[in-house]
Amino acid sequence: MKNNLVELPISTRDGKFIARYSENGLAELNFPNAKAFVAPKRSKGGPIPARIKNWHRVTETALKKTLNGKKSKLPPLDWNGATEFQKSVWRQMLKISAGKTKSYGEISIAIGKPKAVRAVGGACGANPIPVLVPCHRILAANKKLGGFSGGLDWKRKLLATEGVKLTSA
DNA sequence: CCCACAAGTCGCT
DNA sequence: AGCGACTTGTGGG
């Protein structure tokens, strides 16, 4: 498997995100995780293909708008290697509009496997593109916050920005 | 209210 | 093959 991903930073008021692009589109987006943060080494000397620059521009706009609770056009997403199950889950998440939420249970029903709630949680955690693929809009059954692999702080902040009310916790 | 348990699916060891 | 993961519903103390 070739790992020719191009890394590009995106500076926002919430920190610097790292976007990774493959030949097919946006493959990964990372939170400005202060600790595990590694300075992006943009494709060793190689020039960045024009289409990637173009995607990056779209990604940057989309990310900033999303951080402001607005929806926006997304760049092509490269779900390379993902299983059909995961893609189904992520597709459902993309349908959630800003300010709205769904539960893991609702997602599992939407993909025709009402009992696969736990698997949905797993797929969520495996989501390589947080924020743009709104895994943060997925709440536990009774509108509880649930968990978030990118850090609960982010989930809270993102939901607060979108005006979502949480039942508790 | 809090704890324990089981169930469907994926990915890592 | 076994276990944990961003869960959920049920049962008991």
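The coordinates are above.
Residues numbered from 1 in each chain as written. Chains lettered and ligands numbered in written order. Predicted model: local features only at pLDDT ≥ 70, side-chain atom pairs only at ≥ 80, totals over all residues. Heavy atoms only, no water.

(A) Layout of helix α2 (residues 84-94). Residues of α2 that are buried include every one of Q86, V89, W90, Q92 and M93, and no others. Burial along α2 is one-sided: seen end-on, the buried residues are contained in an arc of 155 degrees. Taken together, the buried residues of α2 touch α3 (104-110), α4 (117-125) and β5 (138-139). (Buried < 20%, exposed > 50% of the residue type's maximum accessible area, 1.4 Å probe, protein only. Helix = DSSP H or I, 4+ residues; strand = E, 2+ residues; numbered from the N terminus. Arc of directions from axis to C-beta. Contact = heavy atoms within 4.5 Å.)

(B) Inspection of the protein's contact with DNA strand B at higher detail. Lining the immediate environment of DNA strand B, one finds T83, F85, Q86, K113, K115, A116, R118 and A119. The protein-proximal atoms of DNA strand B, defined as those within 4 Å of the protein, are 55% sugar or phosphate. The contact in question runs from a phosphate oxygen of DNA strand B to an N or O atom on the side chain of Q86, over 3.0 Å. One nitrogen or oxygen atom from the main chain of K115 is found 3.2 Å from a sugar or linking oxygen belonging to DNA strand B. Every element with two or more residues in the surface near DNA strand B is listed here: α2 and α4. Considered class by class, the residues forming the surface near DNA strand B number three nonpolar, two polar and three charged. (Near = heavy atom within 4 Å. Polar contact = N/O pair within 3.5 Å; in protein donor to acceptor, adjacent residues only side chain to side chain. Nonpolar A, V, L, I, M, F, W, Y, C, P; charged D, E, K, R; others polar.)

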